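Structural overview for review
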Amino acid sequence: MTDSDPEETTEEAIMRATYRALSKHGYPALSISKIDEEFEKSKALLYHHYEDKEDLLEHFLKYLLDQLDQDLASIETSDPVEDLRAILDRLLPPDIDEEQMGFQRALLEIRSQAPHNDDFDRQIRRSDELVLSELTSVIERGIESGQFQDIDADDTAEFLYTTAYGVIERGTSLEDRAIMSRGRRYIDEYIESSVLSSSASRSDD
């Protein structure tokens, strides 16, 4: 999330305030009043739009996941190798910056509540299904084009996503971007050795 835009809607301003408050205070200490402190517009708008903290955070999670979904949906070139790397760039950038780290931290804070909140759980499952579908589709196209090895697309998508998420969770929890950069490098090495065909690997050199 970048700095505020003069044209942003009230919803966007509330989502931005929620993002800042969640990044600053974490989920356990978060409250409507703390979000209110980060909100630059009329304070009454918060209470007009949302009943309580859980209601606001449900909308915030949907907002974050919709952003990710739109980003993933915009990826499609004629090259499955480029598409696979582009999806991973969205999930786990090779050189993650502070804003991207903040996004991952905010998402992780909400994800941690999914076992206790059916609405959060439903949203996260929807997003995970989309990511896995995008990964599987790209891998299937790569196999068909001969750029990928004859691998199981579903299993490979599951492995890549689970590994990437594990790296994100560990790096974000420890606030260590080096962990995330190393993890992405290991994933890239796996793709080079176990996903790309020998001809696709040579074309990357």
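Residues numbered from 1 in each chain as written. Predicted model: local features only at pLDDT ≥ 70, side-chain atom pairs only at ≥ 80, totals over all residues. Heavy atoms only, no water.

**What about the overall build of the chain?**
In terms of helices and strands, the chain carries 10 helices and 0 strands. Along its sequence from the N terminus, the chain presents helices and strands in the succession α-α-α-α-α-α-α-α-α-α. Dimensions of the chain, computed from C-alpha atoms along their principal axes, come out at roughly 60 × 35 × 30 Å. Counting only residues that meet the buried cut, the chain has 45% of its 205 residues in that class. (Helix = DSSP H or I, 4+ residues; strand = E, 2+ residues; numbered from the N terminus. Buried < 20%, exposed > 50% of the residue type's maximum accessible area, 1.4 Å probe, protein only.)

**Some details on the packing of helix α4 (residues 53-73) against helix α7 (residues 118-145)**
Between α4 and α7, whose axes approach to 10 Å, the crossing angle comes to 5°. As judged from the angle between their axes, α4 and α7 are roughly parallel. Touching E54, L57, E58, L61, K62, L65, D66, L68, D69 and L72 of α4 are D119, F120, Q123, I124, R126, S127, L130, V131 and E134, all from α7. Class assignment for the residues of the contact of α4 with α7 results in 9 nonpolar, 2 polar and 8 charged. (Axes fitted to C-alpha atoms, helices over the stretch in contact; angles between N-to-C directions. Parallel < 35°, antiparallel > 145°, perpendicular 65-115°, else oblique. Contact = heavy atoms within 4.5 Å. Nonpolar A, V, L, I, M, F, W, Y, C, P; charged D, E, K, R; others polar.)

**A few points about α7**
Helix length check: α7 (28 residues) gives 41 Å between terminal C-alpha atoms against 40 Å at 1.5 Å per residue, within 8%. Within the span of α7, buried status applies to F120, Q123, I124, S127, D128, V131, L132, L135, T136, V138, I139 and G142. Where α7 is buried, its residues contact α1 (10-29), α4, α5 (80-91), α6 (98-111) and α8 (153-173). You can read the cap of α7 off the contacts: a side-chain oxygen lies 2.9 Å from the backbone nitrogen of D119, and it is on N117. Phi turns positive, to about 85°, at G146, one or two residues after α7. (Expected span 1.5 Å × (residues − 1). Polar contact = N/O pair within 3.5 Å; in protein donor to acceptor, adjacent residues only side chain to side chain.)

**Quick look at the packing of aromatic side chains**
The geometry of an aromatic ring pair is captured by two quantities: the separation of the ring centres and the angle between the planes. Per the counting criterion, the structure on display carries 1 aromatic pair. When the ring of F159 is compared with that of Y190, the centres are 4.8 Å apart and the planes differ by 50°; the resulting orientation is tilted. Here F159, found in helix α8, pairs with Y190, found in helix α9 (residues 177-194); they are 31 residues apart in sequence, far enough to count as distant. A relative accessible area of 26% places Y190 in the partly exposed class. Sitting above the plane of the Y27 ring, K53 keeps its charged end 4.3 Å from the centroid. (Phe/Tyr/Trp six-rings, centres within 6.5 Å; stacked < 30°, edge-to-face > 60°. Lys NZ or Arg CZ within 6 Å of the ring centre and 35° of its normal.)

**Comments concerning the environment of D52**
As for its position among the elements, D52 is in the loop between α3 (44-49) and α4. Taking relative accessible area as the criterion, D52 reaches 35% and is therefore assigned partly exposed.

**What to know about the pattern of salt bridges**
For the structure shown, the criterion picks out 16 salt bridges. When the shortest N-O distance is used, the salt bridge between R126 and D66 registers 3.3 Å. Here R126, found in helix α7, pairs with D66, found in helix α4; they are 60 residues apart in sequence, far enough to count as distant. For D66, a relative accessible area of 21% gives the class partly exposed. Measuring nitrogen to oxygen at the nearest pair gives 2.9 Å for the salt bridge that ties D188 to R184. Placement of the pair is D188 and R184 together in helix α9, with a separation of 4 residues, close to one helical turn. (Salt bridge = Lys/Arg side-chain N within 4 Å of Asp/Glu carboxyl O.)

**Brief notes about unusual backbone geometry**
Phi angles above zero are rare outside glycine, and E175 is one such case at about 50°. The topology assignment puts E175 in the loop between α8 and α9. When its relative accessible area of 55% is taken as the criterion, E175 is described as exposed.

**Remarks on the nonpolar core**
With 32 residues, the main nonpolar core has L84 and I191 as its most contacted residues. Elements represented by at least two residues in this core include exactly α4, α5, α7, α8 and α9. Considering each element in turn, this core owes the most residues, 7 residues, to α8. For I191, the contacting residues outside a window of four places in its chain are L84, L88, L160 and L196. (Core = buried A, V, L, I, M, F, W, Y, C linked by side-chain atoms within 4.5 Å.)

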